[in-house]
Amino acid sequence: MPIATLRIATRKSALALWQAEHVAGLLRAAHPELVVELVPLSTKGDEILDQPLATIGGKGLFLKELEVAMLDGRADLAVHSLKDVPAQLEAHFALPAILPRADAADAFVSTRYADLAALPQGAKVGTSSLRRQAQLRAARPDVELLDLRGNVGTRLAKLAAGQYDAIVLACAGLERLGLGAHIRSRLAAPAWLPAPGQAAIAIESRADRPEVQALLAGLNDACTQREVGAERALNLALGGSCTVPVAAWCTSTATGLHLRALVGDASSGKLLRAQAEGGDGDALGKAVAQALFDQGAAAFLGTP
């Protein structure tokens with residue numbers, strides 16, 4: 001029997017709801033006969049805001065409740081920021097569609113200063129990301145790094161209240177919410193690298209729902225899928241999560257893919273970098289990961 005209604009599990013934050021409604025709009029346009037509904041849910045990652053993500057379990061905290069909703073039949077699919085999706089999904093799930101990637105750069109946001117270089121010595125900079133902290137420490141070892149949790153609106157309000165001199169957010173998230181005017185400068189590749197999969201929207205479904213996957217197939221962007229696939233392969237090979245500073249940026253070339261990556265130490269600001277080109281994203285990700293291990297990345301990642 002054809003599917004009459006598709007239910008999209010989503011977090012309740014403004015950005016998550018924007019992303020879910022964006023996917024719903026694409027599905028309604030592609031399948032006018034479908035009724036598409038949102039199923040907003042609260043996740044552990046949204047509820048625990050007084051601790052860094054690295055100490056309470058990492059990226060998967062934003063997925064679990066949405067995946068449970070798919071397993072018990074309350075939802076047919078879930079929409080995520082791909083950077084929040086663990087490098088390896090549980091066997092019950094698949095990512096049948098990844099939308100075209102938006103601006104993957106990070107955003108330097110401040111009410112007083114134009115860019116990172118303009119910050120005075122000892123300035124307070126907020127970010128919840130160890131990846132961002134490592135790169136900030138490398139660029140400006142003199143600034144004070146403070147944890148920053150909450151949704152985009154909450155983070156901007158804390159900046160406006162003077163709790164920070166600057167904060168670092170994702171350009172894509174700000175632009176999707178119509179808040180792009182807050183971006184004072186872009187922290188962009190190749191000097192500054194984003195999280196694996198940053199700025200790409202991923203659609204997750206149960207692996208045993210081919211009828212749902214068929215409806216989603218037309219939304220997949222093959223180029224983005226190849227590029228972020230290499231980044232996620234690297235992340236998987238490194239054992240990356242919210243508890244380690246891993247960054248990656250893959251672009252398409254005339255002959256294949258070009259992958260840049262780094263791992264870092266958020267305390268010292270020491271960064272290890274590697275890059276390579278290749279045609280197969282999985283092999284490329286593993287090769288660049290090995291190049292980082294050859295430089296001593298295991299010490300940064302807490303692996304033997």
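Because the structure is predicted, anything quoted here is derived from the model rather than measured.

### Considering the pattern of salt bridges
Under the defined criterion, the tally for this structure stands at 17 salt bridges. A salt bridge links Lys64 to Glu90; its shortest N-O distance comes to 2.9 Å. Taken together, the residues span a long stretch of sequence, with Lys64 in helix 4 (residues 64-71) and Glu90 in the loop between strand 3 (77-81) and strand 4 (93-98) at a distance of 26 residues. Between Lys83 and Asp84 there is a salt bridge; the shortest N-O distance is 3.4 Å. Taken together, the salt bridges that share partners define one network made up of Arg7, Asp76, Arg209 and Glu211.

### With respect to helix 6 (residues 152-160)
Within helix 6, burial applies to Val152, Arg155, Leu156 and Leu159. Buried residues of helix 6, seen end-on, are gathered within an arc of 95° and therefore sit on one face of the element. The secondary structure elements touched by the buried residues of helix 6 are strand 5 (106-109), strand 8 (166-170) and helix 7 (171-176). Between a side-chain oxygen at the N-terminus of helix 6 and the backbone nitrogen of Gly153 the separation is 3.2 Å; the capping residue is Asn151. Looking one or two places after helix 6, you find Gly162, whose phi comes out positive at around 90°.

### Considerations on the side chain of Glu204
Within the secondary structure, Glu204 sits in strand 10 (residues 201-206). Polar contacts involving the side chain of Glu204 include one to the side chain of His80, which spans 2.6 Å. Apart from the residues lying within four places of it in its own chain, the contact partners of Glu204 are Leu63, Glu67, Met70, Leu77, Ala78, His80, Leu89, Phe93, Ala94, Leu95 and Pro96.

### Some details on unusual backbone geometry
Note the cis peptide between Ala189 and Pro190, where omega equals 5°. Looking at the secondary structure, you find Pro190 in the loop between strand 9 (185-187) and strand 10. Not every positive phi belongs to a glycine, and Ala199 is a case in point at roughly 80°.

### Topic: helix 10 (residues 281-294)
Between its first and last C-alpha atoms helix 10 spans 20 Å; for 14 residues at 1.5 Å apiece the expected length is 20 Å, and the two agree. Among all positions in helix 10, only Gly281, Leu284, Gly285, Val288, Ala289 and Leu292 are buried. Relative to the axis of helix 10, the buried residues are bounded by an arc of 130° and lie together on one face. Exposed and oriented more than 90 degrees from the buried face of helix 10 are Lys286 and Asp294. Where helix 10 is buried, its residues meet helix 9 (222-238), strand 12 (257-264) and strand 13 (271-278). The N-terminus of helix 10 is capped by Asp280, whose side-chain oxygen sits 3.3 Å from the backbone nitrogen of Asp282.

### Quick look at the sheet that holds strand 4
The sheet built from 5 strands is open, its strands ordered 2-1-3-10-4 with mixed pairing. For this open sheet the edge positions go to strand 2 (35-41) and strand 4, each flanked by a neighbour on one side alone. If you compare each strand with its neighbour and ignore which way they point, the axes differ by 30° on average. Taken together, the 4 bridges between strand 4 and strand 10 define a ladder with antiparallel strand orientation. Bridge pairing in strand 10 links Ala97 to Ile203.

### Quick look at the packing of helix 9 against helix 10
Where helix 9 meets helix 10, the closest approach of the two axes is 7 Å, and the angle between their N-to-C directions is 45°. Put simply, helix 9 runs oblique to helix 10. Handedness of the helix 9/helix 10 crossing: right-handed. Across the interface between the two elements, Gly229, Ala230, Ala233, Leu234, Ala237 and Leu238 from helix 9 touch Gly281, Asp282, Gly285, Lys286, Val288, Ala289, Leu292 and Phe293 from helix 10. Residue classes in the contact of helix 9 with helix 10 are distributed as 9 nonpolar, 3 polar and 2 charged.

### Thoughts on the sheet that holds strand 8
Note on sheets: strands pair through backbone hydrogen bonds, and any given pair is parallel or antiparallel. Overall, mixed pairing links the 5 strands, which are arranged 7-6-8-5-9 in an open sheet. Every interior strand has two partners, whereas the edge strands, strand 7 (144-146) and strand 9, have only one. Averaged over all pairs of adjacent strands, the angle between strand axes in this sheet comes to 30°, irrespective of strand direction. Direction of pairing for strand 5 relative to strand 8: antiparallel, over a ladder of 4 bridges.

Reading the values: the criteria
Residues numbered from 1 in each chain as written. Predicted model: local features only at pLDDT ≥ 70, side-chain atom pairs only at ≥ 80, totals over all residues. Heavy atoms only, no water. Salt bridge = Lys/Arg side-chain N within 4 Å of Asp/Glu carboxyl O. Helix = DSSP H or I, 4+ residues; strand = E, 2+ residues; numbered from the N terminus. Buried < 20%, exposed > 50% of the residue type's maximum accessible area, 1.4 Å probe, protein only. Arc of directions from axis to C-beta. Contact = heavy atoms within 4.5 Å. Polar contact = N/O pair within 3.5 Å; in protein donor to acceptor, adjacent residues only side chain to side chain. Expected span 1.5 Å × (residues − 1). Pairing = 2+ DSSP bridges. Axes fitted to C-alpha atoms, helices over the stretch in contact; angles between N-to-C directions. Parallel < 35°, antiparallel > 145°, perpendicular 65-115°, else oblique. Left-handed = near helix turned anticlockwise from the far one by under 90°. Nonpolar A, V, L, I, M, F, W, Y, C, P; charged D, E, K, R; others polar.

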